[in-house]
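The primary structure of each chain is shown beneath.
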Number of protein chains: 2
Amino acid sequence: MTLPTTALLTDRYELTMLGSALRDGTAHRECVFEVFARRLPEGRRYGVVAGTGRLLDALADFRFDDETVTTLREIDAVDDATADHLAGYRFQGDVDGYPEGELYFPHSPVLTVSGTFADAVVLETLALSILNHDCAIASAAARMVTAAAGRPIIEMGSRRTHEQAAVAAARAAYLAGFASTSNLEAARRYGVPTAGTAAHAFTLLHDDERAAFAAQVDALGAGTTLLVDTYDIARGIEHAVEVAGPGLGAVRIDSGDLGVMARHAREQLDGLGATGTKIVVSGDLDEFAIASLGATPVDSYGAGTAVVTGSGAPTAGMVYKLVEVDGRPVEKRSAHKQSHGGRKTALRSHKPSGTAVEEIVVAQRDVTPGEDERPLQLPLVRGGERVAGLPTLEQARRHLREATVTLPWDGLKLSRGEPAIPTRFTHD
Amino acid sequence: MTLPTTALLTDRYELTMLGSALRDGTAHRECVFEVFARRLPEGRRYGVVAGTGRLLDALADFRFDDETVTTLREIDAVDDATADHLAGYRFQGDVDGYPEGELYFPHSPVLTVSGTFADAVVLETLALSILNHDCAIASAAARMVTAAAGRPIIEMGSRRTHEQAAVAAARAAYLAGFASTSNLEAARRYGVPTAGTAAHAFTLLHDDERAAFAAQVDALGAGTTLLVDTYDIARGIEHAVEVAGPGLGAVRIDSGDLGVMARHAREQLDGLGATGTKIVVSGDLDEFAIASLGATPVDSYGAGTAVVTGSGAPTAGMVYKLVEVDGRPVEKRSAHKQSHGGRKTALRSHKPSGTAVEEIVVAQRDVTPGEDERPLQLPLVRGGERVAGLPTLEQARRHLREATVTLPWDGLKLSRGEPAIPTRFTHD
């Protein structure tokens, strides 16, 4: 499934501004917009960049075709000159940004868009929608991956979020280290591995639990996962091993006190000779619930609502701010919000051991990194064309795995705290 | 923009269950699935049904075309027989449900899907994704509309949620009584009125604030809304009236203490003779912030993050449960979750004054309502075909406006509490 034009996923005022700027000639001024979050969600210690790949896909489809322009005329959102301009619109500027899977902190310039005002202003909503959503999910998911301490997590939250957000959430969770997703469209669109066997409905459909298990094993083999808590868990496990034999792949428990249930299930399975049968648990798991099951004989987790809603922080709070016009730094003046004009370069300094020390945001372009510093932005788009060889989803996943290792030891704590490393602004 | 097939917006296990059930013949059993929420989000007093219209659209596009079936075979999600079955799949069952704009309470059966297991099981994820999202947004938005007490609210949260969720959120907020949205695709797809004039970037683009205002007034006329808080609000208002004259449509304030700012702005505008110029405020407004501005001279509100993220409850927590197989009631047994087998009929009883008294959920079909009771479900789909003459978005909006009037007086309070009316289960 590919979406047609993405051009109307846009706030009306972007086109209104464009129209006014075309009239007075300022539309052609060279501008730099930056995307950043002023702060992390309360108590979070790091954020995870995700969505950039999706944004570049959406950018390629950002065109005002005839139907789109007609719509805009009908609702009187643009005048004739603006309509003409949009009909020929094709982003021709540059985009730089943190690669997917990179960590970010307050004021990290995760995306920089440069071009004329006309080029860049219309991308605000699309860029923010994608980054705010995907970063929120990936940032929550990464904490769950840490909490799971190596045990695989299946993302199964599609039903708890918008049907298309579900696909993006599956991608972001996989990027963050989840093992798989329940969402089939995420497999088709992004190649994310999928998992899933049966719901309670399948057991209820049958005359009894044994019949349901027999049907499933017949179709999927003994290596499948049987859901054992529709009626009574102990009896469910008994039926499961009876039907599938001690080579049963796994049992899933979706209700009750999962820690207690997992211990009982392990004992029972071992007693039945099913020592290789794994235990999957699911049911309102967030990073804290996952961590609390660390000492129990759980083999893998299913996470749903918490991951697709960002575990309390459903949006990353990123903004798209104009910072430079024709080479001149600009900034809003406000008592409440710290703003920094001028195009930034971002570096991260590390100790010789690799541990991250500081996020350094320099109000300059073309900064030469110091010995223990590495530049954080990559060129993503040049002259409107996507740069070749950008990191794949698998590479982004690996990048994050490596990046989390560089966090200071308390950066991975689940408890509330300050950002894992400070952000420092400099002018050189 | 129309989306191609919606068939893969589905959890893998639905197809796995289908495959197993096709093998053992249970796929053809007649089933009833119900969608309901076990509880409202913490402290909420009512929910608002939204998304049903979107679901019916998505159902019409739920087909497994060649590419889709090929994908499923490639990822080994289905066997040959299941693939053949899906290639010819077309929902042929019935759907009944609460109309959009109706209130719901814990255990209200907001949607009932009947058909064979094969017909109905595959719709679980799609139905829940749409209803969980749209109901969450509409329920939050309705509280904001109440808090605004007649003043219009513009939905401007697109940038804080997934780009397609944004379109659905704009629709749900409008259904709940918002005046307009910033989202252009919501205008195209659903006819929602749009609004929007300029961001701070437009002021920063120009050499000074006056030049920016002059450009905007030149393009949009003096009736436009000027954003006056880029630098200094008092000076911004001075410039705005200087440029547009006392006939200026409105000023927008997006930062600072909005109540204090609105009072100062009103005095200043009146002093300048701009007594008809309206004041629009925006910036992290939720229902509580909107209510707290009730006594200030604000004319309209812009709401963003809070509405598109459900104001703390980004998902409605609805489930899709099998309740009947071949006429036999079925239910999961669980210590923690109240389940009720059998197909339900829903009624709401009212006092002669119109005030709602109870949500009555009867474990029977074809119940004759008592004198003060009205049935809550409509037929939506019959034999796979959408029923003609279903309520439009405008009708749903009106329905909600009328429904909120029927709530007991404390049902509209913003503070945390119990559901506005109790849900009673009966068997006759």
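Owing to the predicted nature of the structure, the values given are computational and were not obtained by experimental measurement.

Visitor: Please clarify how the nonpolar core should be interpreted in this entry.
Guide: In terms of nonpolar packing, the biggest core is built from 129 residues, with F33, Y104, F117 and M318 of chain B touching the most fellow members. Not counting the four nearest positions on each side in its chain, F117 of chain B is found in contact with A201, F202 and L205 of chain A together with M17, A21, T26, A27, R29, C31 and F33 of chain B. Counting residues in each nonpolar core, the second largest holds 128 residues, with L9 of chain A together with M144, A173 and A215 of chain B among its members.

Visitor: Help me understand the domain arrangement of chain A in this model?
Guide: All names here are of chain A. What the domain assignment lists for chain A is domain 1 (12-137 + 313-426) and domain 2 (149-312). On a C-alpha basis, the centres of domain 1 and domain 2 stand 37 Å from each other. Between domain 1 and domain 2, the contact holds 21 residues from the first and 23 residues from the second. Roughly 1700 Å² of surface becomes buried between domain 1 and domain 2 when both sides are summed, with 62% attributable to carbon and sulfur atoms. The largest share of the area that domain 1 buries against domain 2 comes from I137, L393 and R397, three residues that together contribute 39% of it. Applying the counting rule to domain 1 against domain 2 returns one salt bridge. With a shortest N-O distance of 2.8 Å, E100 and R171 are connected by a salt bridge.

Visitor: Help me understand the pairing of strand β11 (residues 300-303) of chain A in this model?
Guide: On a regular strand, one side chain projects to one face of the sheet and the next to the other, so that they alternate. All names here are of chain A. Here β11 shows no split at all, with S300 and G302 on one side and Y301 and A303 on the other all buried. The pairing of strand β6 (residues 153-155) with β11 spans three bridges and is classified as parallel. By the bridge assignment, E155 is partnered in β11 with A303. Both strand β10 (residues 278-282) and β11 contribute to a ladder of three bridges, which runs parallel. Across the sheet, V280 pairs through a bridge with S300, a residue of β11. Assessed by its sense of winding, the connection that carries the chain from β10 through helix α13 (residues 287-292) to β11 is right-handed.

Visitor: What should I look at first to understand the UniProt feature "domain: Nicotinate phosphoribosyltransferase N-terminal" (unreviewed entry) in chain A in this one?
Guide: Cross-referencing UniProt, the feature "domain: Nicotinate phosphoribosyltransferase N-terminal" (unreviewed entry) maps to residues 8-132 of chain A in the present numbering. In the segment residues 8-132 of chain A, helix accounts for 42% and strand for 18%; the C-alpha atoms at its two ends are 18 Å apart.

Visitor: Honestly, the sheet that holds strand β15 (residues 356-362) of chain B in this entry has me stumped. Any pointers?
Guide: Two strands in a sheet stick together by hydrogen bonds in their backbones, pointing the same way (parallel) or opposite ways (antiparallel). All names here are of chain B. An order of β16-β14-β15-β19 is seen for the four strands of this open sheet, with the pairing classed as mixed. Strands at the two margins of the open sheet, each flanked by one partner only, are β16 (373-375) and β19 (423-426). Adjacent strand axes in the sheet meet at a mean angle of 30° when their direction is disregarded. For strand β14 (residues 345-350) and β15, the ladder comprises six bridges, and the chain directions are antiparallel. Counterpart to R348 in the pairing with β15 is E359.

Visitor: Honestly, the interface of chain B and chain A in this entry has me stumped. Any pointers?
Guide: Interfaces are often described in size by the accessible area the parts lose on coming together. Chain B puts 97 residues into the contact, and the matching count from chain A is 97 residues. The contact between chain B and chain A buries some 8000 Å² in all, and 60% of this surface belongs to carbon and sulfur atoms. Considering only the side of chain B, the residues that lose the most area to chain A are R159, L184 and L205 of chain B, jointly responsible for 11% of the buried surface there. Counting every contact that joins chain B to chain A gives twelve salt bridges. For R23 of chain B, the salt bridge goes to D218 of chain A, with nearest N and O atoms at 2.9 Å. At the surface where chain B touches chain A, the tally comes to 45 residue pairs in polar contact (both at pLDDT 80 or more). Ranked by residues supplied to the side of chain B that touches chain A, first place goes to helix α1 (residues 12-24) of chain B with ten residues. Of the residues in the side of chain B that touches chain A, the class split is 41 nonpolar, 31 polar and 25 charged.

Visitor: Would you explain unusual backbone geometry in this entry?
Guide: In terms of backbone geometry, most residues other than glycine have negative phi values and most peptide bonds are trans. One non-glycine residue, H107 of chain B, lies in positive phi territory at about 70°. If you trace the backbone, H107 of chain B turns up in the loop between β4 (103-104) and β5 (111-116).

Visitor: Whenever I open this one, the packing of helix α3 (residues 66-74) of chain B against helix α4 (residues 80-87) of chain B confuses me. Can you help?
Guide: Two numbers describe a pair of packed helices, the interaxial angle and the distance between the axes. All names here are of chain B. Where α3 meets α4, the closest approach of the two axes is 10 Å, and the angle between their N-to-C directions is 165°. Here α3 lies roughly antiparallel to α4, going by the angle between them. Considering only the axes of α3 and α4, their crossing is right-handed. For the pair α3 and α4, the contacting residues are V69, L72 and R73 in the first and D80, A83, L86 and A87 in the second. Here the residues of the contact of α3 with α4 are counted per class, giving five nonpolar, no polar and two charged.

Visitor: Can you walk me through the packing of aromatic side chains in this structure?
Guide: Here a ring pair, both rings aromatic, is described through the centre-centre distance and the interplanar angle of the planes. Residue and element names in this part refer to chain A. In this structure the tally under the stated criterion is ten aromatic pairs over all chains. Measuring from ring centre to ring centre gives 4.8 Å for F33 and Y320, while their planes differ by 25°; the resulting arrangement is stacked. On the criterion of sequence distance, the pair formed by F33 in strand β1 (residues 30-37) and Y320 in strand β12 (residues 318-325) is long-range, its members being 287 residues apart. Taking relative accessible area as the criterion, Y320 reaches 3% and is therefore assigned buried. Geometrically, the ring pair formed by F62 and F64 is edge-to-face, given 5.5 Å between the ring centres and 90° between the ring planes. Since its relative accessible area comes to 3%, F64 is described here as buried.

Rules used throughout
- Residues numbered from 1 in each chain as written.
- Chains lettered and ligands numbered in written order.
- Predicted model: local features only at pLDDT ≥ 70, side-chain atom pairs only at ≥ 80, totals over all residues.
- Heavy atoms only, no water.
- Core = buried A, V, L, I, M, F, W, Y, C linked by side-chain atoms within 4.5 Å.
- Buried < 20%, exposed > 50% of the residue type's maximum accessible area, 1.4 Å probe, protein only.
- Contact = heavy atoms within 4.5 Å.
- Domains from an automatic or database assignment.
- Buried area = accessible area lost by both parts, 1.4 Å probe.
- Salt bridge = Lys/Arg side-chain N within 4 Å of Asp/Glu carboxyl O.
- Helix = DSSP H or I, 4+ residues; strand = E, 2+ residues; numbered from the N terminus.
- Pairing = 2+ DSSP bridges.
- Right-handed = clockwise from strand over helix to strand, strands pointing away.
- UniProt positions renumbered as here; feature names shortened; annotations may be inferred.
- Axes fitted to C-alpha atoms, helices over the stretch in contact; angles between N-to-C directions.
- Polar contact = N/O pair within 3.5 Å; in protein donor to acceptor, adjacent residues only side chain to side chain.
- Nonpolar A, V, L, I, M, F, W, Y, C, P; charged D, E, K, R; others polar.
- Parallel < 35°, antiparallel > 145°, perpendicular 65-115°, else oblique.
- Left-handed = near helix turned anticlockwise from the far one by under 90°.
- Phe/Tyr/Trp six-rings, centres within 6.5 Å; stacked < 30°, edge-to-face > 60°.

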